[in-house]
Number of protein chains: 2
Amino acid sequence: MNRVYNFSAGPSMLPLPVLERAQKDLVNYQGVGSSVMEMSHRSKPYEAIIENAEAKLRKIMNIPDDYAVLFLQGGASMQFSAIPMNLARQGDTMDYAVTGNFANKAMQEGARWGKAKAVSSSKEDGYHHIPKITADMLDKDAAFLHITGNNTIFGTTYHTLPEHGDIPLVADWSSAILGKEIDVAAHDLIYAGAQKNMGIAGLTVVIIKKALLERELDPIVPTMLRYRIAADNGSMYNTPPCFAIYMAGLVFDYLDEIGGIAVQEKENRRKAELLYSVLDASPVFKNPVAAEDRSITNVTFFLPSAEETTAFLAMAEGRGMTNLKGHKVAGGCRASLYNGMPYAGVEALVQCIRDFENGLRK
Amino acid sequence: MNRVYNFSAGPSMLPLPVLERAQKDLVNYQGVGSSVMEMSHRSKPYEAIIENAEAKLRKIMNIPDDYAVLFLQGGASMQFSAIPMNLARQGDTMDYAVTGNFANKAMQEGARWGKAKAVSSSKEDGYHHIPKITADMLDKDAAFLHITGNNTIFGTTYHTLPEHGDIPLVADWSSAILGKEIDVAAHDLIYAGAQKNMGIAGLTVVIIKKALLERELDPIVPTMLRYRIAADNGSMYNTPPCFAIYMAGLVFDYLDEIGGIAVQEKENRRKAELLYSVLDASPVFKNPVAAEDRSITNVTFFLPSAEETTAFLAMAEGRGMTNLKGHKVAGGCRASLYNGMPYAGVEALVQCIRDFENGLRK
């Protein structure tokens, strides 16, 4: 099959066995006589699907029992609002580490609810590093410290978590979850859109310490944004995004079958090391990110001119490598190396980089 | 293929040609080398998919140009909050017609934002009819009148819209949209979850008069719940539920190909008439809904005892008819006859009813 190497920042490549499994069962799921898409979310076959998805995610991420797993809608952007509404009272102070575009959007959304404060920012150097945070930098009354674990647009990540003392740590791990081992117990709340490593767009996973579900919320908070409601109803207060949860379950099954996240992480590190090593040795291509803060999933790189960038992107596209254009706020190029991207895709990309350096243009 | 007749209230049966089309293209969409599930929402192939979905929906529903079409997430339940936040100021009066469970939930959610008033209720007779509303019943300052166009749980529907004078009319048509012709221009806002006639769970469509997008909203309203933001960004302020929109587009294509909603409505009326005629003639099965308010998509019916109900449901299940159990708040039985349910499914159901009457139990 003529399958392209899709370097999109998300939605992005899924493991081929997952797609083939979904295709096989699409019209008639395991012989029950209907598609997963047609199943009542209250039916026995669907209940087994959502229960398996949660159980497998708990297994592969090693999620402690005192954390709830919620399957929600609206993307990480909806959580930018739900988090303050659930963890802070109106007017409370909330600390944000501003390491990029989405971190900034999260803070702006927090400002609709309370006092959203930037405890650090790497805006001045174009978000090319992750500023170090120590507990003394935080507001002692902050409802939480919010970080964007991996910055998709700028290609940076936290390799170690910030110090946060007694302030709850909230992390958007949308573009790294399941791509590397994450210590859930070191967080109070983790959230992630599914459309990178977990499955398809339209599902957002929230992993939250159960103790945080107990507080009384402001009556103005919509029922659909209340984590407690979602937790008490097994993510089925209303009809959940059934098919997206099913697809995520297939991805979790797949990761479990290949040996877990540690195995996938090793492969992801191999992919990233190959690409970074070629960029670092290149006379033409540059990666501007501080070496110690480089993301293993999103690798940004730049050519000397807009013309060369366009020529390189066209050359890659001609070789079956798509979506390598950088985000509009960052420019240049970006290769997203999520779990679904095979090592061979990165080999094809580095070959393209080398050929371009050597004057080839197709 | 061993396909069951799934009478679920939603998610529910999809037209088989739609499922087969999705299956065929699942791994490699029209030869582009990736699945729709993997496509960047900013990619050319995906842009064509979302543009087609909107254009086809506008065509088959005859949506006027001064209405925006929004593809959102969170289900109708999320709209219960978004509607007040977009159409009313905090503390404003909003009128609700309480014709069932979801109408009541919508009102309760409105009460988080303003003064939500029940202008009518059919609670006293178990929601078995639709109370008539005239413009003089409405609060002259009401931000809107909210109706639930079709009541999935109780099997009632508005065959004519209420009088509403100058008060904007907002209607939840989740369980009837695309199943019958709806005069969009007679509404100010229509919303619907997709998991009945439009496609799969995880997509909510809002059709709103563009003039209603212009007002300044309270700063506290989350960006993701602002209709103006969704409209200005072509429903892609953040990653939309891409695959659910694709599936909806396939359903819209299918309806267009068979001749439009009028053709489907005629078939739906045939299905409903067959079932109601058998229930009305039955010495055992009863439909309690006022004849003039009967839904053509959700048909409730009751047997004399819980034992007989259980026996009938088991008999139907044994014959490949699933999800006929009534909603827990209504009890009894319910057959949802959405677009995806073939006439043969209703024939099988009425045969089962007749056989049960005649003493058969399998």
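Rules used throughout
- Residues numbered from 1 in each chain as written.
- Chains lettered and ligands numbered in written order.
- Predicted model: local features only at pLDDT ≥ 70, side-chain atom pairs only at ≥ 80, totals over all residues.
- Heavy atoms only, no water.
- Domains from an automatic or database assignment.
- Contact = heavy atoms within 4.5 Å.
- Buried area = accessible area lost by both parts, 1.4 Å probe.
- Salt bridge = Lys/Arg side-chain N within 4 Å of Asp/Glu carboxyl O.
- Polar contact = N/O pair within 3.5 Å; in protein donor to acceptor, adjacent residues only side chain to side chain.
- Helix = DSSP H or I, 4+ residues; strand = E, 2+ residues; numbered from the N terminus.
- Expected span 1.5 Å × (residues − 1).
- Least-squares fit on C-alpha atoms with pLDDT ≥ 70 in both.
- Core = buried A, V, L, I, M, F, W, Y, C linked by side-chain atoms within 4.5 Å.
- Buried < 20%, exposed > 50% of the residue type's maximum accessible area, 1.4 Å probe, protein only.
- Nonpolar A, V, L, I, M, F, W, Y, C, P; charged D, E, K, R; others polar.
- Pairing = 2+ DSSP bridges.
- Axes fitted to C-alpha atoms, helices over the stretch in contact; angles between N-to-C directions.
- Parallel < 35°, antiparallel > 145°, perpendicular 65-115°, else oblique.
- Phe/Tyr/Trp six-rings, centres within 6.5 Å; stacked < 30°, edge-to-face > 60°.
- Lys NZ or Arg CZ within 6 Å of the ring centre and 35° of its normal.

Trainee: Any chance you could break down the domain arrangement of chain A for me, citing the residues and the numbers?
Mentor: One frequently used descriptor of interface size is the decrease in accessible area upon assembly of the parts. All names here are of chain A. Domains assigned within chain A are domain 1 (17-257) and domain 2 (259-357). One C-alpha centre belongs to domain 1, the other to domain 2, and the line joining them spans 26 Å. Counting residues at the interface gives 24 residues for domain 1 and 25 residues for domain 2. In this assembly, domain 1 packs against domain 2 so that about 2,100 Å² is buried in total across both faces, 53% of it on carbon and sulfur atoms. Connecting domain 1 to domain 2 are zero salt bridges. Applying the counting criterion to the domain 1 and domain 2 interface returns 18 residue pairs in polar contact (both at pLDDT 80 or more). Going through the elements one at a time, helix H2 (44-61), strand E7 (156-157) and helix H6 (242-258) are the ones with two or more residues in the side of domain 1 that touches domain 2.

Trainee: Before we move on, can you summarise helix H6 (residues 242-258) of chain B with the specific residues and values?
Mentor: For H6(B), built from 17 residues, the straight-helix expectation of 24 Å at 1.5 Å per residue is met to within 8% by its first-to-last C-alpha distance of 25 Å. Backbone geometry just downstream of H6(B) places Gly259(B) in the positive-phi region, at approximately 120°.

Trainee: Hey, could you go over the relation of the copies chain A and chain B for me, with residue numbers and the actual values?
Mentor: Relating the two copies of this chain is a rotation about some axis coupled with a shift parallel to it. Here chain A sits on chain B after a turn of 180° about the axis and a move of 0.0 Å along it, with an RMSD of 0.0 Å. One copy is carried onto the other by what is essentially a two-fold rotation axis. Of the interface residues in chain A, 100% have counterparts in chain B that sit at the interface too, so the contact is made through matching surfaces.

Trainee: Can you tell me about the nonpolar core, naming the residues and giving the values?
Mentor: Core analysis: the biggest nonpolar cluster contains 122 residues, and Leu178(A), Phe243(A), Leu178(B) and Phe243(B) have the highest contact counts within it. Of all hydrophobic cores here, the second largest spans 71 residues; its members include Phe80(A), Ala88(A), Tyr96(A) and Met94(B).

Trainee: With reference to specific residues and values, describe the interface of chain A and chain B.
Mentor: Taken together, the contact between chain A and chain B spans 64 residues of the former and 64 residues of the latter. Together, the buried faces of chain A and chain B total about 4,900 Å²; carbon and sulfur atoms form 57% of this surface. When residues of chain A are sorted by the area they lose upon contact with chain B, Met37(A), Glu38(A) and Arg112(A) head the list and together hold 14% of the total. Put simply, chain A and chain B have two salt bridges between them. A salt bridge links Glu38(A) to Arg3(B); the shortest N-O distance between them is 2.5 Å. Taken together, the links from chain A to chain B amount to 25 residue pairs in polar contact (both at pLDDT 80 or more). At six residues, the largest contribution of residues to the side of chain A that touches chain B is made by helix H1 (residues 16-24) of chain A. Each residue belonging to the side of chain A that touches chain B can be placed in one class, and the counts come to 30 nonpolar, 26 polar and eight charged.

Trainee: Describe the sheet that holds strand E2 (residues 67-72) of chain A, and please don't skip the residues or the numbers.
Mentor: Residues and elements named next belong to chain A. If you trace the seven strands from one edge of the open sheet to the other, you get E2-E10-E9-E8-E5-E3-E4, paired in mixed fashion. Each edge of the open sheet is held by one strand with a lone partner, namely E2 and strand E4 (115-121). In this sheet, neighbouring strand axes are inclined to one another by 20° on average, regardless of whether the strands run parallel or antiparallel.

Trainee: Now, about the packing of helix H7 (residues 261-280) of chain B against helix H9 (residues 343-357) of chain B: what can you tell me, with residues and values included?
Mentor: All names here are of chain B. Their axes nearest at 10 Å, the elements H7 and H9 cross at an angle of 0°. As far as their axial angle goes, H9 and H7 are roughly parallel. On H9, the residues touching Glu267, Arg270, Lys271, Leu274, Leu275, Val278 and Leu279 of H7 are Tyr343, Val346, Glu347, Leu349, Val350, Ile353 and Arg354. Of the residues that constitute the contact of H7 with H9, the class distribution is nine nonpolar, no polar and five charged.

Trainee: Which residues make up the packing of aromatic side chains, and what are the values?
Mentor: For the structure on display, the rule yields 21 aromatic pairs over all chains. Ring centres of Tyr127(A) and Phe154(A) lie 4.9 Å apart, and the angle between their planes is 50°; this geometry places the pair in the tilted category. Taken as a pair, Tyr127(A) in the loop between E4 and strand E5 (145-148) and Phe154(A) in the loop between strand E6 (150-151) and E7 lie far apart in primary sequence, 27 residues in all. Across the pair, exposure class does not vary: Tyr127(A) and Phe154(A) are buried alike. Aromatic side chains Phe285(A) and Phe312(A) sit 4.9 Å apart centroid to centroid with 70° between the ring planes, which places their arrangement in the edge-to-face category. Highlighted residues: Phe285(A) in the loop between helix H7 (261-280) and strand E11 (298-301) and Phe312(A) in helix H8 (residues 306-318), separated in sequence by 27 residues. For the residue pair Phe285(A) and Phe312(A), the accessibility class agrees, reading buried in each case. Taken together, Tyr29(A), Phe243(A), Tyr246(A), Tyr29(B), Phe243(B) and Tyr246(B) form an aromatic cluster joined through their ring pairs. Here the basic side chain of Arg361(A) rests over the ring of Phe356(A), its NZ or CZ set 3.6 Å away from the ring centre. Arg270(B) extends its terminal NZ or CZ atom over the ring of Tyr343(B), reaching a point 3.7 Å from the ring centre.

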